[in-house]
Each structure stands twice: as C-alpha cells, then as structure tokens.
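Here is what each chain is made of, one letter per residue.
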Amino acid sequence: MAERASGSLMVFHSSHKATLHTWPVSSFPLNISSSRQKQSGRVRAMVSPISAPKRETDPKKRIVITGMGLVSVLGNDVDTFYNKLLNGESGIRRIDRFDASDYPVQIAGQVPDFSADGYIDGNRYQNLDDCWKFCLFAAKTALQDANLSPQVLKTLDRSKMGAVVGSGGGGIKTLYNAVDALLKQDYSKVLTSYYPNNMGPALLAIETGFTGPIYSISTACASSNYCLYAAANHIIKGEAQVMVAGGTDSGVIPSGICGFMACKALSSRNDEPQKASRPWDKGRDGFVLSEGSGVLVMESLEHATKRGANIIAEYLGGAISCDAHHLTDPRSDGSGVAACISKSLKIAGVSPEEVNYVNAHATSTRVGDLAEVSAIKKVFKNQRELKMNGTKARLQSMIGHAIGAAGALEAIATVKAIATGWLHPTINQYNLEPEVTIDTIPNGKIKHDVNVAISNSFGFGGHNSAVVFAPFTP
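Residues numbered from 1 in each chain as written. Predicted model: local features only at pLDDT ≥ 70, side-chain atom pairs only at ≥ 80, totals over all residues. Heavy atoms only, no water.

Section: the overall build of the chain
Heads up, the condition is: Strands here mean DSSP runs of E at least two residues long; helices mean DSSP runs of H or I at least four residues long; both are numbered from the N terminus. Burial here depends on accessible area, computed with a 1.4 Å probe over protein chains only, as a share of the maximum for the residue type. Under 20% is buried, over 50% is exposed, and the range in between is partly exposed. The criterion used for residue contact is that any of the two residues' heavy atoms lie within 4.5 Å. A 1.4 Å probe and the Shrake-Rupley method give the accessible areas. Residues count as covered only by the protein chains that appear here.
When you go through the chain residue by residue, the secondary structure sums to 12 helices and 17 strands. Of all 474 residues assigned to the chain, the portion counted as buried reaches 57%. A separation of at least 24 residues holds for 80% of the contacts in the chain among residues at least 6 apart in sequence. If you sum the accessible surface of the chain, you get close to 18,600 Å²; carbon and sulfur atoms cover 51% of it.

A few points about the pairing of strand S16 (residues 453-459)
Rule in force here: The criterion for strand pairing is that DSSP finds at least two bridges linking the strands in question.
Counting buried residues in S16 gives seven out of seven residues, a clear majority hidden from the surface. Across the two faces of S16 the burial is the same, with Ala453, Ser455, Ser457 and Gly459 and Ile454, Asn456 and Phe458 all buried. The pairing of strand S12 (residues 357-360) with S16 spans three bridges and is classified as parallel. Each bridged residue has a counterpart across the sheet, and for valine 358 the counterpart in S16 is isoleucine 454. In the sheet, S16 pairs with strand S17 (residues 463-470) via seven bridges, with the strands oriented antiparallel. Bridge assignment links asparagine 456 to a residue of S17, and that residue is alanine 466.

A short note on the packing of helix H6 (residues 223-236) against helix H12 (residues 406-420)
A packed helix pair is summarised by two numbers, namely the angle formed by the two axes and the spacing between the axes. This is how it is decided: Helix axes are fitted to C-alpha atoms over the stretch in contact, other axes to C-alpha atoms as well, and angles between N-to-C directions run from 0 to 180 degrees. Roughly parallel covers angles under 35 degrees, roughly antiparallel covers those over 145, roughly perpendicular covers 65 to 115, and oblique covers all other angles. Three classes are used: nonpolar for Ala, Val, Leu, Ile, Met, Phe, Trp, Tyr, Cys and Pro, charged for Asp, Glu, Lys and Arg, and polar for all others, with Gly counted as polar.
Contact pair H6 / H12: the axes reach a minimum separation of 5 Å and the direction vectors enclose 65 degrees. Looking at the two axes, H6 sits roughly perpendicular to H12. Contacts from Ser224, Asn225 and Leu228 of H6 reach H12 at Ala406, Gly407, Ala408 and Ala411. Here the residues of the contact of H6 with H12 are counted per class, giving four nonpolar, three polar and no charged.

Section: the nonpolar core
One broad trend across soluble globular proteins is that nonpolar side chains are buried collectively. Where we set the bar: Only buried residues count toward a nonpolar core. Its members are Ala, Val, Leu, Ile, Met, Phe, Trp, Tyr and Cys residues joined through side-chain atoms within 4.5 Å.
Within the largest apolar cluster, 82 residues are counted, with the highest numbers of intra-cluster contacts made by Phe81, Leu296, Met298, Tyr315 and Phe469. The leading source of residues in this core is helix H2 (residues 130-145), at 10 residues. In this structure phenylalanine 469 touches Ile65, Leu228, Glu314, Tyr315, Ala411, Thr414, Val415, Ile418, Val452 and Ala453, once residues within four positions along its chain are discounted. With 26 residues, the next largest nonpolar core counts Val373, Ile438, Phe458 and Val468 among its residues.

Some remarks on the environment of lysine 343
Among the secondary structure elements, lysine 343 is positioned in helix H9 (residues 335-348). In this structure the C-alpha to C-alpha distance between lysine 343 and alanine 319, which are 24 residues apart in sequence, comes to 6.0 Å.

As for the packing of aromatic side chains
Condition: Aromatic rings from Phe, Tyr and Trp, taking only the six-membered ring of Trp, are treated as a pair when their centres fall within 6.5 Å; an angle between ring planes under 30 degrees marks them as stacked, one over 60 as edge-to-face, and anything in between as tilted. Our definition puts a charge over a ring when NZ of Lys or CZ of Arg is within 6 Å of the ring centre and also within 35 degrees of the ring normal.
Using the criterion set out here, one finds seven aromatic pairs in the structure. With 5.8 Å between their ring centres and 75 degrees between their planes, tyrosine 315 and phenylalanine 469 make a pair best called edge-to-face. Of this pair, tyrosine 315 sits in strand S11 (residues 313-322) while phenylalanine 469 sits in strand S17, and the two are 154 residues apart along the sequence. Judged on exposure class, the residue tyrosine 315 and its partner phenylalanine 469 are both buried. Cluster of aromatic residues (ring-pair linked, three or more members): Phe114, Tyr119, Phe134 and Phe137. We note lysine 445 situated over the ring of tryptophan 422; from NZ or CZ to the ring centre the distance is 4.9 Å.

Structural notes on the pattern of salt bridges
What counts here: Each salt bridge in this description consists of a side-chain nitrogen of Lys or Arg and a carboxyl oxygen of Asp or Glu lying within 4 Å of one another.
Counted under the stated rule, the structure contains 17 salt bridges. For aspartate 271, the salt bridge is made with arginine 94, and the minimal N-O distance between the two is 3.2 Å. Taken together, the residues span a long stretch of sequence, with aspartate 271 in the loop between helix H7 (254-262) and strand S10 (291-300) and arginine 94 in strand S5 (residues 92-94) at a distance of 177 residues. Judged by relative accessible area, aspartate 271 falls into the exposed class, the value being 71%. Between arginine 307 and glutamate 299 there is a salt bridge, with its nearest N and O atoms 2.7 Å apart. A cluster of three or more residues bridged by salt bridges with shared partners is formed by Arg124, Lys140 and Glu207.

Observations regarding the environment of proline 471
Checked against the element boundaries, proline 471 lands in the segment after S17. Separated by 53 residues in sequence, proline 471 and isoleucine 418 place their C-alpha atoms 6.2 Å apart. Apart from residues no more than four positions distant in its own chain, proline 471 is found in contact with Ile418, Val450 and Asn451.

Digging into unusual backbone geometry
With a phi close to 50 degrees, aspartate 113 is a non-glycine residue in the positive phi region. When you line up the elements, aspartate 113 lands in the loop between strand S6 (107-109) and H2. The phi dihedral of lysine 264 falls on the positive side, at around 60 degrees, and the residue is not glycine. If you trace the backbone, lysine 264 turns up in the loop between H7 and S10.

Considering H9
Note the following rule: For a helix, the expected span equals 1.5 Å multiplied by the residue count minus one.
For H9, with 14 residues, the first-to-last C-alpha span of 20 Å sits near the 20 Å given by 1.5 Å per residue. At the C-terminal side of H9, glycine 349 shows a positive phi close to 75 degrees.

Thoughts on a nonpolar patch on the surface
Heads up, the rule is: For patch detection, residues must exceed 30% relative accessible area and be free of salt bridges, and they are connected within 9 Å for like charges or within 5 Å for nonpolar side chains (Val, Leu, Ile, Met, Phe, Trp, Tyr).
A cluster of nonpolar side chains, Leu175, Val179 and Leu183, forms an exposed patch at the surface whose accessible area comes to about 290 Å². Tracing the backbone shows leucine 175 in helix H4 (residues 172-183).

Details of helix H5 (residues 199-208)
Residues separated by three or four positions in an α-helix point in the same direction, a consequence of the helix having 3.6 residues per turn. The buried fraction of H5 amounts to seven of the 10 residues, a majority that puts the element mostly inside the structure. For H5, every residue scored as buried is listed here: Met199, Gly200, Pro201, Leu203, Leu204, Ala205 and Thr208. Glycine 209 sits one or two residues past H5 and shows a positive phi near 85 degrees.

Considering the state of the cysteines
For clarity, the cut-off: By definition, disulfides here are pairs of cysteine sulfur atoms that lie within 2.5 Å.
Counting across every chain of the model gives zero disulfides. As a non-bridged cysteine, cysteine 131 has cysteine 135 as the owner of its nearest cysteine sulfur, 7.1 Å distant.

Next comes the structure, spelled out in structure tokens:
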C-alpha cells in the first residue's frame, strides 16, 4: 500500500480539574436545545457552540488504558490486527460456514481457525457460544497485556474490579440451534443458559473473581462505546479501580444474514467481497456483516501508577444520546450525532480545535455515511489538519461490521493509532461523494501524530456514542 506523510495539529494547554455533571432533560448543556422545535411532528436536535471545561487532574478520576485484547477476522492479537489494517488487508470473503448460495448476500467477515486453547477450559465450556468464547479470549488477553495475570489479580482488591461487555445479539447461535432443536423436539440440546447477553461478563467474573460492577449493555452497533462510557463512570464515581470493557458478537449465521438483508442494510457485491464495503463512495451499497470481540482494560491513573502498569493511552471522556427519530436511519442532517460529539468533547475537557483524528462509524450505508460527515463538519469547523477513517467501514472494508464488537475494535484501532503514530487507510475509495471534503486517508496508510482522537459508534434505534482518547501525559 502507498504511504504518505501528514502534518498534525498540536495544541498544548495546561490541565485543570473537570467536573462531570448529570443534567436534567430540561437543561441539556449547550449540545441539545432545551426548546423542542417540531417539524412534521418530530423533535429536531440542535447543536450550539461549546465552551470546553478543563481536563481532569485527580489521579483517582483520570482513566488510562493499560491493556487490550481482541478476536477479529484479521487475527487474534492486537499487533497483527493493526499491522494488517495498516497494510490494507481484507478479511472479507464468501461465506463457507453454511450454504448461502441461494442468498442475495453471500459474503461476510468470519473469524478463521479460532482457538482458545490455554484461555478457556474446553471441557467446562464445550457448548459455549462463540460469542462468549470470543469475549473470554479477548478479555483474558487484555488482562494479560495489562500485566494482570491470575496470580497478580489475587494480590489486588477484586471488589474494585468489574466488567461491562456489550453485545448486539448475545449467544444468537445458541438460540438459533435451540429453535432448530425445538422444531425437531430434541429438547436436550436447548442450552438457554448460554444465550442471554450478560453471559460474557458473568463468565469473566467467575473466571477472575471480580466482584465489582458486572453487566452487559445492548445498544446494537453502539454497544461497545456505551460500555466504555459506563465503565469509565464507575471509575470516576470510585466504584471501581479497574474495569474490563468492550463488546462481542458472532452473528454470521443464516438468521443474522437474512435479518440484515430484510433491512436492506447489507452489501450484495458477492463477486468482489474484498471491495464490497465502500464508505463514502458513490458506489456503496451497504455494510458487510462480521464478528469478533474487542476488550480494553480501563484503570484509574492512581491504581495504574501504584502497580507500575504500562500506560498505552488516556481515556478523556465520552457521551451517549439518542436521535429519537427512526429505527434504522439517523437524522439526515447529522444534528443528533453532532450533539453527541459536542457533548463528548465537553465532558472530556477538549475543544474541537484539539482533535485531529476521527475514527468514524462509516458503515457504507447510503444515509448514515453522509449524516456522519455532516455532523463532523458541524462540530469541527476547521478540517485542514483533521484526518478521518473508520475501522469497520474503511476498516469495515477490511474487517466488516462486527455489530456489538465494532466500537471496541475501533477503539483499539484508535489507541493503536495514538501509540504508533500511523493511521490505517480507507480502502475501496473510487468515487468519493462530493460532500466528503475531509481527508479520508484513501488507499494508503499515513504517518500522523495524534493529539486528540474521537471514535464514533451509532446503532439501530438512534443510539449515538462518541469516546475521546489522547496520548497519556503525566
């Protein structure tokens, strides 16, 4: 792949303590207008200028990333994953797990040759859904990366450790097989305990002895970011010192493919699977369903420093919101997304001018791609030094859309961009939409010193989320 150099916008400022507020609906801070303007009977989201508060300085409330783990169609360790992204490699291919030859959509991202040997007891969990196998593997490798081995964990206060891992579909393969077993009246094969969405973090708690906050969040494709946001708040409130957070999904099954086909959300470019996902390209025709898991270890700076942890990056803040508009489409003007991004910057103590990298949601859908671009333009008036790519769309062109795991995989890619100084390309850029005037890093990686980065994730139901990362400075 081609490489090119990039300038970077570096804005330095002193750090001061930030205050995190809970706002009543009637007084949302600057991001969403408190007055409801109705057009055609719908609420219109409004974005107004923000004055960013100062960044957090309390080491009990500053949150750092100390470990990462994943399962993906490009490999099951973080360095392999990111190197393949930088090289523009694609993990999308024709479906081979079941006969999809009669389906209009015959392509997907499938995790190849997955083995959890050494991380999961095969005898104990022989019937465990892949969704939860991916979750346990990603979480345990993230803890290993953070130097939190089982032996080390026994020396720490595990009542201050928890896990929030989201999923769009949960153990959907288990449910699919259960329905098939019921139709055949083979009731012994109905394994309902492995289906619910909370199984991943629950099993992780059993494996690690964590007794802090343990639960799952399901907000479709925004699930991971919602979990990162929630986990951070547990640390800020003093309810936890270490949180394992992210997402997992394994929905490449007949009902998964057919369900998204019914929504007309999937690309049907079956003859060119590696070119199927084309974010912001005029020829885009939908996303490519994928699977995997991504997990980050989030830790208070105080706790990380005391145990001498390696700090990879800092989590500055995040925000969540809802469009209250449509089940599958965002607001076409991007106002709901823009309001969420603005709110995330306010909570993070960051001004728009400090951000020089956006890892976009960009799933290659007709409406969603341009709505997000419109939102980014609303928030970031000066885009000269702004770089924008995506780990499921641009990245999705390489790894596909892993639904509940997508945001965590993107967050990992964002943190790796901060750590390495390299941004992965957006491949399959052939005929860019004229509205896209931001540098999308087409077809070749670039060198770019990230000052502040945001990672966006949006889900069916109008769920919006944005999280903010930066290089760690003491």
